[in-house]
Amino acid sequence: MTQSPVWHPFTQHALEPPMKRVVETKGAYLVDEAGNRVLDAISSWWVITHGHRHPTIVEAIRQAAQSYDQIIFAEYTHAPAEELARGLIDLSPAGLDHVFYSDSGSTAVEVALKMALGFFHNTGKHRDRIVVMEHSYHGDTIGTMSVGERGVFNAAYEPLLFGVDTIPFPTPGEEQNTLDTFDASCRSGRIAALLIEPLVLGAGGMKMFGSALLSELKKIAEHHGVLLIADEVMTGWGRTGTLFACAQAGISPDILCTSKGLTGGSLPLAATLCTRQIFDAHLSTDRRNTFFHSSSYTANPIACAAAVANLKIWMEEPVQARIDRLAALQRQGLSRFAGDRRFRNIRQSGTIAALDLAVPSDGYLADIGPSLRAFFRERNLLIRPLGNIIYLMPPYCVTETEIDRLYDTIDEAASMCLEKAA
Ligand SMILES: *Cc1c(COP(=O)(O)O)cnc(C)c1O
């Protein structure tokens, strides 16, 4: 077979083994062409919530395809988009009254940034800077790289990135420093918004912080008239134990971004929700105040129908009970490593569990990363450590036996790596 022309994401083709070809997905598994069942312990990059191909979602897609393909979303609307918007407003924190559609997490964040800047521009205030948290990840477009952690991933593109204010990640005991730095930034009078991943910084290393800090940040933002943008692209749809992570802090952001789990992970779709004030700042007989944003596939009706089906699953099935059960299984799994010197920073937020392997070199490009990944791959487990950080974020249909298998294999992997390192 000739070499594939496909260029894969986050892949160094000079070092990778051949791609495994998937022929089917089902529940917590990917099935490859050799018939191997691979346990998807990271929900296919964090998108699959209930499990692959939940029947209600598959049926909704099938039904929608009988009536729709893409429909222009200016001048025209359709039932799936309308129904989804109302459903999202019902389920999301109070005060979010409008829904803008796009097609990925990155575009949901781009839209949020433009809404925030547009809000101040249209209300005649000069505020054009964004505050972000150290180690954040918001996507891979030029705009979202600008508001994310700088490093090896974006070194080549650095000249194109815009400047932001950064607040330190709140390591335990240092929370006040984070709050004070934010307050000092706000005092410049130029800050439009704080953009934050609530409770868990995902791609930055599954770094977790408490809900109290989030509510303190919200208070400071409010005091200075700074907007709070919650990037719930990863944390949404139950990952942190509640439908949205903001609920745990008892806060309503001014803007909320959702994507990954919005369609249960079945189809690409994103939504940026905002308050009435932000919508109203763009409502004018002056066309210059229009929100100038669109993408070709905005509010794809089939994707919206899949998301409506996801909402239906949340209403009609015991999703919260499954999340609570998975959180308990993760707690039990992690507990076996308590006091184990092979690991550091054992942590959990709802259904997400993470721990760092105690090796000398850390960071994403830590030597240990590829050998760990190969170890799991040989055992038909889809686990992709972020450097020496091992995390599990399985779909909610995963069983106790499967979770046990994951922790057993992490145990073996740690011993293998540390033997090699010694
Ligand atoms: C994945 C992710 C994004 C980007 O989403 P894409 O759909 O990959 O563009 C943005 N923010 C957070 C917090 C994410 O985890």
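Residues numbered from 1 in each chain as written. Predicted model: local features only at pLDDT ≥ 70, side-chain atom pairs only at ≥ 80, totals over all residues. Heavy atoms only, no water.

Participant: Explain the sheet that holds strand β15 (residues 381–382) to me, please; I cannot follow it from the model alone.
Facilitator: The pairing of strands in a sheet comes from backbone hydrogen bonds and takes either a parallel or an antiparallel form. Judged by pairing direction, the sheet is mixed, and its four strands sit side by side in the order β1-β2-β3-β15 without closing on themselves. The open sheet has two edge strands, β1 (22–26) and β15, and neither has a second partner. (Pairing = 2+ DSSP bridges. Helix = DSSP H or I, 4+ residues; strand = E, 2+ residues; numbered from the N terminus.)

Participant: So what exactly am I meant to see when it comes to the site of the ligand here?
Facilitator: As a structural note, the neighbourhood of the ligand is formed by W46, S104, G105, S106, Y137, H138, G139, E197, D231, V233, M234 and K260. The contact in question runs from a nitrogen atom of the ligand to an N or O atom on the side chain of D231, over 2.7 Å. Alone, the ligand offers 380 Å² of accessible surface; in the complex the protein occludes 84% of this. Residue composition of the shell around the ligand, grouped by class: four nonpolar, five polar and three charged. (Near = heavy atom within 4 Å. Polar contact = N/O pair within 3.5 Å; in protein donor to acceptor, adjacent residues only side chain to side chain. Areas by Shrake-Rupley, 256 points an atom, 1.4 Å probe, with all protein chains shown as cover. Nonpolar A, V, L, I, M, F, W, Y, C, P; charged D, E, K, R; others polar.)

Participant: For this particular structure, what's the right way to read the pairing of strand β7 (residues 191–196)?
Facilitator: Looking along a regular strand, one sees the side chains alternate between the two faces of the sheet. Among the six residues in β7, six count as buried, and that is most of the element. Looking at chain direction, strand β5 (residues 129–133) and β7 are connected through four bridges and run parallel. Note that in β7 the partner of R129 across the bridge is I191. One ladder, built from four bridges, connects β7 with strand β10 (residues 227–231); its direction is parallel. Directly across from L195, in β10, lies its bridge partner I229. (Buried < 20%, exposed > 50% of the residue type's maximum accessible area, 1.4 Å probe, protein only.)

Participant: What's the story with the domain arrangement of the protein chain in this structure? I'm lost.
Facilitator: When the domains of the protein chain are assigned, the result is domain 1 (55–316) and domain 2 (319–421). The C-alpha centroid of domain 2 is placed 28 Å from the C-alpha centroid of domain 1. Contact with domain 1, which involves 17 residues of that partner, is made by 19 residues of domain 2. Note on domain 1 versus domain 2: buried area summed over both sides is about 1500 Å², and carbon and sulfur give 68% of it. For domain 1, the biggest contributors to the area lost against domain 2 are M206, M208 and R239; these three give 43% of the whole. The tally of links between domain 1 and domain 2 comes to zero salt bridges. Linking domain 1 with domain 2 are seven residue pairs in polar contact (both at pLDDT 80 or more). Contributing elements (two or more residues each) for the side of domain 1 that touches domain 2: β9 (207–208) and α10 (301–316). (Domains from an automatic or database assignment. Contact = heavy atoms within 4.5 Å. Buried area = accessible area lost by both parts, 1.4 Å probe. Salt bridge = Lys/Arg side-chain N within 4 Å of Asp/Glu carboxyl O.)

Participant: Is there a simple way to think about helix α7 (residues 211–223) in this case?
Facilitator: Side chains that are three or four residues apart share a direction in an α-helix, a result of its 3.6 residues per turn. Taking 1.5 Å as the rise per residue, α7 with 13 residues should run 18 Å; its terminal C-alpha atoms sit 19 Å apart, in good agreement. Among the residues making up α7, those that are buried are L213, L214, S215, L217, K218, I220 and A221. Residues of α7 that are buried in the fold lie against β5, β6 (165–167), α6 (175–186), β7, β10 and α8 (246–249). Among the residues trailing α7, G225 stands out with phi positive, at a value near 65 degrees. (Expected span 1.5 Å × (residues − 1).)

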